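# Fold and geometry: a report
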Amino acid sequence: MSSSAIIAIIIFALAMVATVAIGVYSGRGREKSMDEWSVSSRGLGFIFVLLLMAGESYTSFSFLGAAGWSYKYGVPILYLIGYLSVGLIIAYVLAPTLWTYAARHKLVGLTDIIEYRFKSRPLAIFVAIAATIFMLPYIQLQIQGMGTVVNAMSYGAIDLKVAAIISFIVAELFILVSGLRGSAWVSVLKDGLTVAAIAFLAIYVPLHYFDGVGELVGRMIQEKPQWLTFPGAGGGEYGAAWFISTILLNTFTTAIFPTTLAGYISADSANSLRRNSIILPWYQVLLLVPVMIGMAALFVVPALANGDLALFSVVIDSLPAPLVAIIGVAGALSAIVPMSVFMLAIGTMWGRTVLGGGLTRAHAPADSAAAAQDPAGARQRKLSQVVCLIAGLVALAGSLFMPNALVSLSVLSYEGMAQLVPAALLGLFWPRMSKHAAAAGIVVGGIAMLTLYFTGNDPLWGVNGGVWALALNFLVVVVLSLVSPDPRWRKTWRSEARATARAAASARPAQVVESSRTDAQG
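Description of the structure in this document.

Quick look at the packing of aromatic side chains now. In the structure shown here, the tally under the stated rule is 22 aromatic pairs. Judged by centre distance (5.4 Å) and plane angle (70°), the ring pair of Y79 and W242 falls under edge-to-face. Of this pair, Y79 sits in helix α6 (residues 79-105) while W242 is found in helix α12 (residues 240-256), placing the two residues 163 residues apart along the sequence. Of the residues examined, W242 reaches a relative accessible area of 8% and is grouped as buried. Seen in terms of ring centroids, F257 and Y414 are 5.1 Å apart; in terms of plane orientation they differ by 40°. Their pairing is tilted. A residue pair is termed long-range when its members are at least 10 positions apart, and F257 in the loop between α12 and α13 (258-265) and Y414 in helix α21 (residues 407-418) qualify at 157 residues. Here the two residues F257 and Y414 agree in accessibility, since each one is buried. Of the aromatic side chains, those joined through ring pairs into one cluster are W69, Y73, Y79, Y83, Y138, Y238, W242, F257, F342 and Y414. Over the ring of F299 we find R219; its NZ or CZ atom is 4.3 Å from the centre of that ring. Here the guanidinium or amino end of R275 rests over the ring plane of F46, the centre of that ring lying 5.4 Å away.

Next comes the structure, spelled out in structure tokens:
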């Protein structure tokens, strides 16, 4: 084993120990309730919410896929920056509304919102199952992404499978103990290293290999012009229509992702979310650095078999082992943080809605000594932790024994989650929408999405197949809701809308929660 590998392994080991220590310590002295584990008792301030939500932007894909797509295709990768930035415009409006609705009714996630809005636990269970199917690939991809990062930064000394197991153990240790608060605290370390690493690479790589960014861009224009125009290098399906439609689809889908909702609901106020939406778009600018390095790799390592290694190939070629290890640690943490939040979100949906009795059990008063000693929330938290562990084990097993089995499903994850948008968002703003319409829309949209993909028609006429499926989903929801609306809508909508508007304007969680005791139910 080379001295460079030994140095990298030591730095990586110390970083993983620090990660577990920070994550576990963050949960000390906290109550053992479902609210605390799943959404940090709605008490995270602006900085922690900012860092936690930034973790949704910077994952292992940022270090691998962003540079890899840039290396293989060129400008189509800019869809990543496009939808993350446009999504924050939507979040400025939607995030405070979702936070207010959840705080007033003591809801902790997507399935809670579905169950409360439609008064239907079966529909919420259906949504939990669908969301889990489409989220598991993300956990597996983060595990495999960390394996790739650690293998590269250790100069091949740490095996891919060993790195995958390490990522699973580290993430589970702090998420099971501290919940979302642990992820938020680890995000401080992760984002500090990530910003430092990306800022350094933005200056160093162009100067080390070229005479600055200008020369790199000039060479791209002269020698690789196809990388700078749609549909990218080698032609293909990533044209302008795909680019725009994918941004639109992912923009709204991101808003209802269970992991995004966890970040929203954990905030201490609606104003924290508004400030977050103003500042985070600037954070997305950092994603241009991996894109730039991917293009630089076209000249530095022009014959890479695996384009996803573009960034680390350049880093290893030009930097000493300690700096390679630090950048590798930033990439590893960029996998661990989002992975932990995905596992927590799946655990919350199943522990609360599917196995824990749903909102009826969660909001039941402790009217007996037994209930007071073992409240439903504590039971739901334990169930959620068990499911969190199981979800991680399933994803780990997939990455170890079937590393390519979920590739197709991962491509469909965003398109699949998009089919939950009408139920999760439209239902909050359109009182006529019924639970039957919501369920039918999800089923029809899901079938359409899968049909387009497996018949080779995604994208269809250049447009992302998920957009066509979502359009059909909306059509089904609108028609069925007009024909057979929710029977409660006339009686409950006006009072609910007034109460939510008052609570959102106040932007104070104490008043919001208190208002849920007196305002009419939705």
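It is worth spelling out unusual backbone geometry at this point. Residue F230 is joined to P231 through a cis peptide bond whose omega torsion reads 10°. With an omega dihedral of 5°, the bond running from D458 to P459 counts as a cis peptide bond. Tracing the chain through its elements places P459 in the loop between α23 (435-454) and α24 (465-483). Unusually for a residue other than glycine, R42 sits at a positive phi of about 55°. Structurally, R42 can be placed in the loop between α2 (34-39) and α3 (46-57).

What follows deals with the nonpolar core. In terms of nonpolar packing, the biggest core is built from 156 residues, with F12, I114 and M135 touching the most fellow members. Element by element, the count of residues in this core is highest for helix α17 (residues 321-354), at 19 residues.

To continue, consider empty space enclosed by the protein. Take a probe with the size of a water molecule and roll it over the atoms, and the empty space left behind shows itself. Taken as a whole and assessed by the stated rule, the structure comprises three cavities of 30 Å³ or more. Considering the residues around the largest cavity, the lining is formed by 19 residues, among which M53, L88, T254, T260 and Y264 are closest to the centre. At the level of secondary structure, the elements contributing two or more residues to the lining of the largest cavity comprise α3, α6, α12, α13 and α14 (270-284). For the lining of the largest cavity, the leading source of residues is α6, giving six residues. By residue class, the composition of the lining of the largest cavity is ten nonpolar, eight polar and one charged. Lining of the second largest cavity is provided by S38, V39, V108, G109, L110, P258, A262, L344, A345, T348 and M349. Of all the elements in the fold, those that place two or more residues in the lining of the second largest cavity are α2, α13 and α17. Sort the elements by how many residues they give to the lining of the second largest cavity and α17 lands first, with four residues. Considering only residue class, the lining of the second largest cavity consists of eight nonpolar, three polar and no charged.

Criteria and thresholds
Residues numbered from 1 in each chain as written. Predicted model: local features only at pLDDT ≥ 70, side-chain atom pairs only at ≥ 80, totals over all residues. Heavy atoms only, no water. Phe/Tyr/Trp six-rings, centres within 6.5 Å; stacked < 30°, edge-to-face > 60°. Helix = DSSP H or I, 4+ residues; strand = E, 2+ residues; numbered from the N terminus. Buried < 20%, exposed > 50% of the residue type's maximum accessible area, 1.4 Å probe, protein only. Lys NZ or Arg CZ within 6 Å of the ring centre and 35° of its normal. Core = buried A, V, L, I, M, F, W, Y, C linked by side-chain atoms within 4.5 Å. 1 Å grid on protein atoms, 1.4 Å probe; cavity = no way out; pocket = protein on both sides within 12 Å on 5 of 7 lines; lining within 4 Å. Points joined across faces, edges and corners; volume = space filled by probe spheres on them. Nonpolar A, V, L, I, M, F, W, Y, C, P; charged D, E, K, R; others polar.

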